[in-house]
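Geometric and topological summary
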Amino acid sequence: MSLSNRALGVSPSLTLAITAKAKKMKADGLDVISFGAGEPDFDTPAYIIEAAKVALDKGITRYTPASGTVELRKAICDKLARENGVTYDVNEIVVSNGAKHSLSNAIRALVQEGDEVIIPAPYWLTYPELVKLSDGTPVIAELLPENGFKLTPEQLRGLITPKTKAIIINNPSNPTGVVYSKEEIMALAKELENHKHVYVLSDEIYEKLVYGVETMSIAACSEEMKKRTIIINGMSKAYAMTGWRIGYTASSLEIAKAMSSIQSHSTSNPNSIAQYASVVALSDKKGDEFLANMNEIFCKRRNLMVELMEKVGLPIIKPEGAFYVMVNVKSLFGKSYDGQEIKTAMDVATIMFDKLYTAVIPCESFGANDYVRLSYATGDKQIREGLARFEKFVKGCK
Ligand SMILES: Cc1ncc(COP(=O)(O)O)c(C=O)c1O
């Protein structure tokens, strides 16, 4: 069998693999604590479930337009105007099978061989893979602790070449939890305004999960930025709807048309029932209540993680958004635990999994070799127990 170079060049998602392994061991009755989750541990709110039932009863079970129903695209336009201060026409919205699919469409529509895409690191592991699948070249911008793990306009300027097609900005960030302030976003926008050939893929999937800070969409900075930005967002994280697979883009009409054509020949429309329920999710005030409650809980857990990590004794990047904490494990390299040598973050994750039944995500594939990522989309009890095991592990490293 000979696979295509494209298929051979792509790596499988390590996060999904580790999370699946942890789930299986748990199901087998083992006492596994998983810090792997990439999804809220909340149920989809009842009012959204009810809406899906209504869709079924109404027989909303047929094809919809490839880029989504007009009702949902209208609800997304209203949301973007209301919450992000950017106005779009219904035809500038494309609804897809999750934000990952939206990103895939956007990159497919823009990037080809010879194009460079700037990706700040640590990054979400899917970004470089999608760029490579389009035969583009990922250009990694290493984010520095002294800049709070944020891209600065100067750093950005130094990376832009005539070949730069786009930059991916993920705000709030997975995996760092870093959130750019309004001023920082505006400073990046000001720099990008000077480079008219560069597009922005603005992944805003965690926009609702911020703790005591405010941010903004880069598309809202100016008309010029709006023209060149593709907002990527979706229902997964904000409404605990990861399994429903609804994501969307907002962009110029030209880009939206290209993405819509690509989608019409690959997946066609996203699930009709999930689309119907998403209109209700976005429009009903009950969504605000759900979000406020989820945010409060995540914020408390964030504080608990930060507090308990002090005891573990390893440096962290303090998160202001999303639901992840990155832990620097470099000081453990060269040591051993229970006779097993630690050379990499992958070794840390493997040993913690095998010896302490604790799943953390090694960050080599997030462009951060010295780190592991812990998700706090899990209960307080698990956080306390899991971090006690982490402390035991660190103390046992000689
Ligand atoms: C940064 C980021 N973007 C996009 C996605 C994709 O979300 P969806 O489940 O809607 O495809 C994720 C999911 O983990 C993510 O972390």
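One structure accompanies this document, and this report is about it.

**Side note on the overall build of the protein**
Scanning the protein for helices and strands turns up 14 helices and 15 strands. Relative to the globule expectation of 21 Å for 398 residues, the C-alpha radius of gyration of the protein, 21 Å, shows essentially globular dimensions. The principal-axis extents of the C-alpha atoms in the protein amount to approximately 60 × 55 × 55 Å. Residues counted as buried form 47% of the 398 residues belonging to the protein. For the protein, the proportion of contacts with a sequence separation of at least 24, taken over those separated by at least 6, is 73%.

**As for the environment of K318**
Tracing the backbone through its elements, the reader meets K318 in the loop between β9 (316–317) and β10 (324–328). On the basis of neighbour count, K318 is assigned to the partly exposed category, with 16 C-beta atoms found within 10 Å. As a C-alpha pair, K318 and N303 span 15 residues in sequence and 9.5 Å in three-dimensional space.

**Focus: the packing of helix α5 (residues 99–110) against helix α6 (residues 126–133)**
It is at 9 Å that the axes of α5 and α6 come closest, and there the two elements cross at 35 degrees. Considering the relative orientation of α5 and α6, their crossing is right-handed. Across the interface between the two elements, K100, L103, S104 and I107 from α5 touch T126, L130 and V131 from α6. Taken together, the residues of the contact of α5 with α6 break down into 4 nonpolar, 2 polar and 1 charged.

**Focus on the site of the ligand**
Around the ligand, the structure places 13 residues, and the nearest of them are G98, A99, K100, N174 and S236. Counted by class, the shell around the ligand contains 3 nonpolar, 8 polar and 2 charged residues.

**Comments concerning helix α3 (residues 46–57)**
With 12 residues, α3 extends 17 Å from end C-alpha to end C-alpha; this agrees with the ideal 16 Å at 1.5 Å per step. For α3, the full list of buried residues reads I48, A51, A52 and A55. The arc that holds the buried residues of α3, viewed along the axis, is 100 degrees, so those residues lie on one side. Turned more than 90 degrees away from the buried face of α3 sit A46, I49, E50, K53, L56 and D57, all of them exposed. Just downstream of α3, G59 is the residue with a positive phi angle, here 75 degrees.

**Points about the sheet that holds strand β6 (residues 199–203)**
Overall, mixed pairing links the 7 strands, which are arranged β2-β8-β7-β6-β5-β3-β4 in an open sheet. Edge positions in the open sheet fall to β2 (93–96) and β4 (137–142), since each of these has one partner strand only. Ignoring which end each strand starts from, the neighbouring axes of this sheet average 20 degrees apart. Contacting β2, β7 (229–234) and β8 (247–250), helix α10 (residues 253–264) crosses the sheet at an angle of about 25 degrees to β2.

Thresholds, definitions, all that
- Residues numbered from 1 in each chain as written.
- Predicted model: local features only at pLDDT ≥ 70, side-chain atom pairs only at ≥ 80, totals over all residues.
- Helix = DSSP H or I, 4+ residues; strand = E, 2+ residues; numbered from the N terminus.
- Rg over C-alpha atoms; globule rule 2.2 N^0.38 Å.
- Buried ≥ 20, exposed ≤ 12 C-beta atoms within 10 Å, placed from the backbone.
- Contact = placed C-beta atoms within 7 Å.
- Axes fitted to C-alpha atoms, helices over the stretch in contact; angles between N-to-C directions.
- Left-handed = near helix turned anticlockwise from the far one by under 90°.
- Nonpolar A, V, L, I, M, F, W, Y, C, P; charged D, E, K, R; others polar.
- Near = placed C-beta within 6 Å.
- Expected span 1.5 Å × (residues − 1).
- Arc of directions from axis to C-beta.
- Pairing = 2+ DSSP bridges.

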